[in-house]
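Given next are the chains, with one letter for each unit.
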Amino acid sequence: MIINNKPSKSINNESLAEKAKKLLDEQKFNWVLLKENYEKLDSVRIKSFHFGNYEVKIQFNPARIISTGADVSDEAINNRKCFLCRENLPEEQTALAYDKKYIILCNPYPILDEHFTIPTVKHTPQSITNSFDELLDLGGDLGKYYSVVYNGPKCGASAPDHMHFQAVTKNVIPIEIEFDNLKQKNFARIISDQKIEIYLAENYSRYAVVFESGNKGELLYAFKILLKALRNIFPEENEPMLNIICTRAEKDWRVFIFPRYKHRPNQFFLNDDRKLLISPAAVDMGGLIICPDEEDFNKITKEDAADIYKQVSFTKEYAEYIKKKLLEAY
């Protein structure tokens, strides 16, 4: 594996997003597995369910079975090599160094046309507590083309033992496209000042908190308040379950945070024709549900999608507590 610590002069003035795009082009040329899986995206099928002024998309993507069906139990993790540690990466996989702490890798099992995994160089557990500022930095540095996502260790991360983010094609996840309209009817703006605006979902199929600001310090403060409130609700957890999608346009960040109540819906564990092999992570919570099984894709209904969100998302009571704590802080 080659770590691109010192890019050639020809790309010194390029943004990180442009360097990542070049890395993906190179990997498609040099790595057969990745090239084949990106070609398979051409046959990925999509269907949509409309919920008033927003939609939920279902993507049939068989290559994602590795992630969706991953065994993330402590026993399974302890009995396998970490596939994000540098010494265990495939020979064909190259990387782009970021801030001496992370490397940017092309994901060989993509969800979208461009999909990266961004693990730490050091093997350390998945945790957002001391990494939210790094998520914002990545969101800014990759923001020209990509959105950066975080999946909690118990709600979507297929490597909960190794800290990592992901980056995917920007403005493809439905909530990113729809939010300017959603905040008129489906989200309530509870905090608005010159430095930050905070929105809470009200008439939406899942619970979400959204931060908008060009001030990194304000975003860090708001997230600290939110995380403290979540810890009060789930004091027994090392980290409350949550998924995050971070985007940046020009000077402002937009951060979508999905507090979770449950990792996987009941349908995941059934052994009859009601079974649905769906394990929601950040992209799914953003409105693009990944379905690796074709039979499940064909049979899933709008009602199923709504029920899955209801099971894994926050309750109204928890949402009201979050709202109260945010309002108290401001």
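Residues numbered from 1 in each chain as written. Predicted model: local features only at pLDDT ≥ 70, side-chain atom pairs only at ≥ 80, totals over all residues. Heavy atoms only, no water.

Caption draft 1: Inspection of the sheet that holds strand S6 (residues 146-151) at higher detail. Within the open sheet, the 10 strands sit side by side as S3-S4-S5-S7-S6-S11-S12-S10-S9-S8. Their pairing is antiparallel. Each of the sheet's edge strands pairs with one partner strand only, and the pair in question is strand S3 (95-98) and strand S8 (187-192). Pairs of neighbouring strands in the sheet enclose a mean axial angle of 20 degrees, with direction left out of account. Pairing geometry for S6 and strand S11 (residues 242-249), over four bridges, is antiparallel. In the strand pairing of S11, Val148 is matched with Cys246. Along the sheet face, helix H1 (residues 16-30) touches S3, strand S4 (102-106), strand S5 (115-119) and S6 and points at about 160 degrees away from the line of S3. Packed onto the sheet, helix H5 (residues 132-141) meets S3, S4, S5, S6, strand S7 (164-169), S11 and strand S12 (252-259) and runs at close to 40 degrees relative to S11. (Pairing = 2+ DSSP bridges. Helix = DSSP H or I, 4+ residues; strand = E, 2+ residues; numbered from the N terminus. Axes fitted to C-alpha atoms, helices over the stretch in contact; angles between N-to-C directions. Contact = heavy atoms within 4.5 Å.)

Caption draft 2: Fine view of the packing of helix H7 (residues 216-233) against helix H11 (residues 316-329). Two elements in contact, H7 and H11, have axes whose closest approach is 10 Å; the angle formed by their N-to-C orientations is 140 degrees. In terms of orientation, H7 and H11 fall into the oblique class. Considering how the two elements wind past one another, H7 and H11 form a crossing that is right-handed. The residues of H11 that touch H7, namely those facing Tyr221, Ala222, Ile225, Leu226, Ala229, Leu230, Asn232 and Ile233, are Tyr318, Tyr321, Ile322, Lys325, Leu326 and Ala329. (Parallel < 35°, antiparallel > 145°, perpendicular 65-115°, else oblique. Left-handed = near helix turned anticlockwise from the far one by under 90°.)

Caption draft 3: Molecular detail of the environment of His123. Checked against the element boundaries, His123 lands in the loop between S5 and H5. With relative accessibility at 40%, the residue His123 sits in the partly exposed group. Counting along the chain gives 15 residues from His123 to Leu138, while the straight-line C-alpha distance between them is 19 Å. The residues contacting His123, other than those within four sequence positions of it, are Cys82, Cys85, Asp161 and His162. A polar side-chain atom of His123 sits 3.3 Å from the main-chain carbonyl oxygen of Asp161. (Buried < 20%, exposed > 50% of the residue type's maximum accessible area, 1.4 Å probe, protein only. Polar contact = N/O pair within 3.5 Å; in protein donor to acceptor, adjacent residues only side chain to side chain.)

Caption draft 4: Spatial organisation of the state of the cysteines. For the coordinates displayed, the defined rule picks out zero disulfides. Left unpaired, Cys82 is separated from the closest cysteine sulfur, that of Cys85, by 3.8 Å. When its relative accessible area of 7% is taken as the criterion, Cys82 is described as buried. Residue Cys85 is classed as buried on the basis of its relative accessible area of 8%. (Disulfide = S-S within 2.5 Å.)

Caption draft 5: Main features of the sheet that holds strand S1 (residues 45-51). Spatially, the three strands line up as an open sheet ordered S1-S2-S13, and their pairing is mixed. Every other strand in the sheet has two partners, leaving S1 and strand S13 (288-291) as the edge strands with one partner each. For this sheet, the mean angle separating the axes of adjacent strands, direction not counted, is 20 degrees. Strand direction decides the pairing type here: strand S2 (residues 54-60) and S13, joined by four bridges, are parallel. Residue pairing for S13: Ile58 is matched across the bridge by Ile289. Sitting on the sheet, helix H6 (residues 174-185) touches S2 and S13, and the angle it makes with S2 is about 175 degrees. Packed on one face of the sheet, helix H10 (residues 302-312) meets S1, S2 and S13 and runs near 75 degrees to S1.

Caption draft 6: Here's a closer look at the confidence of the model for the protein. Per-chain confidence: the protein averages 91 in pLDDT, with 92% of residues scoring 70 or above. Predicted confidence for residues 5-11 stays below pLDDT 50, and this span has five contacts to residues more than four positions away or in other chains. (pLDDT = per-residue confidence, 0-100.)

Caption draft 7: Here's a closer look at the packing of H1 against helix H2 (residues 32-40). Their axes nearest at 6 Å, the elements H1 and H2 cross at an angle of 105 degrees. Taken together, H1 and H2 sit at an angle that is classed as roughly perpendicular. Only Val32, Leu34, Lys35 and Tyr38 of H2 make contact with H1, whose side of the interface consists of Leu24, Gln27, Lys28 and Asn30. Across the contact of H1 with H2, the residue classes tally to four nonpolar, two polar and two charged. (Nonpolar A, V, L, I, M, F, W, Y, C, P; charged D, E, K, R; others polar.)

Caption draft 8: Seen up close, the nonpolar core. In terms of nonpolar packing, the biggest core is built from 57 residues, with Phe165, Val209, Phe211, Ile244 and Ile322 touching the most fellow members. No other element matches the nine residues that H7 contributes to this core. Setting aside anything within four residues of it in sequence, one finds Ile322 in contact with Tyr207, Val209, Leu226, Ala229, Leu230, Ile233 and Phe314. Counting 38 residues, the second-largest nonpolar core is a separate cluster that includes Phe49, Phe60, Val149 and Tyr199. (Core = buried A, V, L, I, M, F, W, Y, C linked by side-chain atoms within 4.5 Å.)

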